[in-house]
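Per-entry structural report
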Amino acid sequence: MGADCYQIYKVNCVETSDLAAIKLAINKVLVTKRSEYTEILVFRRAVKRKDETVNDYEMRLRLLARYCNYGDKLEKEIERQFVVSCGMVEVEKECIRTDTLDLAKVLTMARGYERTANNLMGLRNPEYSSQ
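In this report, we go over the structure that sits alongside the text. What you are looking at is a predicted structure, and each value in this text was computed from that prediction instead of being measured. Counting restarts for each chain: residues are numbered from 1 in the order of the written sequence. pLDDT decides what is reported in this predicted model: residues at 70 or higher carry local features, side-chain atom pairs at 80 or more are listed and counted, and totals for whole chains, interfaces and linings draw on all residues regardless. Side-chain figures throughout are based on the complete set of non-hydrogen atoms in the structure, without hydrogens or water.

**What about the overall build of the protein?**
Quick reminder of the rule: By the criteria applied, helices consist of DSSP H or I runs no shorter than four residues and strands consist of E runs no shorter than two, each listed in order from the N terminus. Each residue's exposure class comes from its accessible area (1.4 Å probe, protein chains only) as a fraction of the maximum for that residue type: buried when under 20%, exposed when over 50%, partly exposed otherwise.
In terms of regular secondary structure, the protein is built from 8 helices and 0 strands. Going from the N terminus to the C terminus, the protein shows its helices and strands as α-α-α-α-α-α-α-α. Of all 131 residues assigned to the protein, the portion counted as buried reaches 30%.

Here it is in structure tokens:
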């Protein structure tokens, strides 16, 4: 424990040797409380970057959704955010035509379109395929 942490311990912890109690007291001081509303706004503003793969974007959405408190609606929220902000018009069109949509289907669709776009890039630009 460094000097700064020891000062936090001295001020905030009752004389105890219980490690769990010490961790809890120090975490109350050091860990800032997250605003669920702010976390949801950050999640809603997440847009797929041009250089980001479908898998990377899905993982980033999962990480951003950690503190949104979506509970059992997490997969549906990630699915909706993905479709709205992936920037893949073909995926958006296919999702509009599909009645029984879930995250797994959306990701499978998006990966297929991503793979197709990469293959076409390789056909049109031979230097791209060799990389």
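**Let's talk about the state of the cysteines**
What counts, and what does not: In plain terms, two cysteine sulfur atoms within 2.5 Å form what is called a disulfide here.
Tallying each qualifying case throughout the model produces 0 disulfides. No disulfide involves C86; its sulfur sits 7.4 Å from that of C95, the nearest cysteine.

**Some remarks on the packing of aromatic side chains**
Applied cut-off: Two rings from Phe, Tyr or Trp (for Trp, the six-membered ring) form a pair when their centres are within 6.5 Å of each other. A pair whose planes differ by under 30 degrees is stacked, one over 60 is edge-to-face, and the rest are tilted. As a reminder, the over-ring test applies to NZ of lysine and CZ of arginine, requiring each to be within 6 Å of the ring centre and within 35 degrees of the ring normal.
By the definition in use, this model includes 2 aromatic pairs. Measuring from ring centre to ring centre gives 5.4 Å for Y57 and F82, while their planes differ by 40 degrees; the resulting arrangement is tilted. Remark: F82 occurs in helix α5 (residues 74–85) and Y57 occurs in helix α4 (residues 54–64); sequence separation between them is 25 residues. Taken individually, Y57 and F82 each receive the classification buried, so the pair is uniform in this respect. Above the face of the Y67 ring, R34 is positioned so that its terminal group lies 3.9 Å from the ring centre.

**Considering a nonpolar patch on the surface**
Quick note on the threshold: Two joining distances apply to patches: 9 Å for like charges and 5 Å for nonpolar side chains (Val, Leu, Ile, Met, Phe, Trp, Tyr), and every residue must have over 30% relative accessible area and no salt bridge. Per-residue accessibility takes into account occlusion by the displayed protein chains alone, with areas from the Shrake-Rupley method and a 1.4 Å probe. Here, a salt bridge means any side-chain nitrogen of Lys or Arg that lies within 4 Å of a carboxyl oxygen of Asp or Glu.
Taken together, the side chains of V29, L30 and V31 define a hydrophobic patch exposed on the protein surface, amounting to about 260 Å² of accessible area. Looking at the secondary structure, you find L30 in helix α2 (residues 19–30).

**Focus on the side chain of E77**
The following threshold applies: We call two residues in contact whenever any of their non-hydrogen atoms come within 4.5 Å of each other.
For E77, the location among the structural elements is in helix α5. The buried category is assigned to E77, whose relative accessible area is 12%. Other than its neighbours up to four places away in sequence, E77 contacts F43, R44 and Y70.

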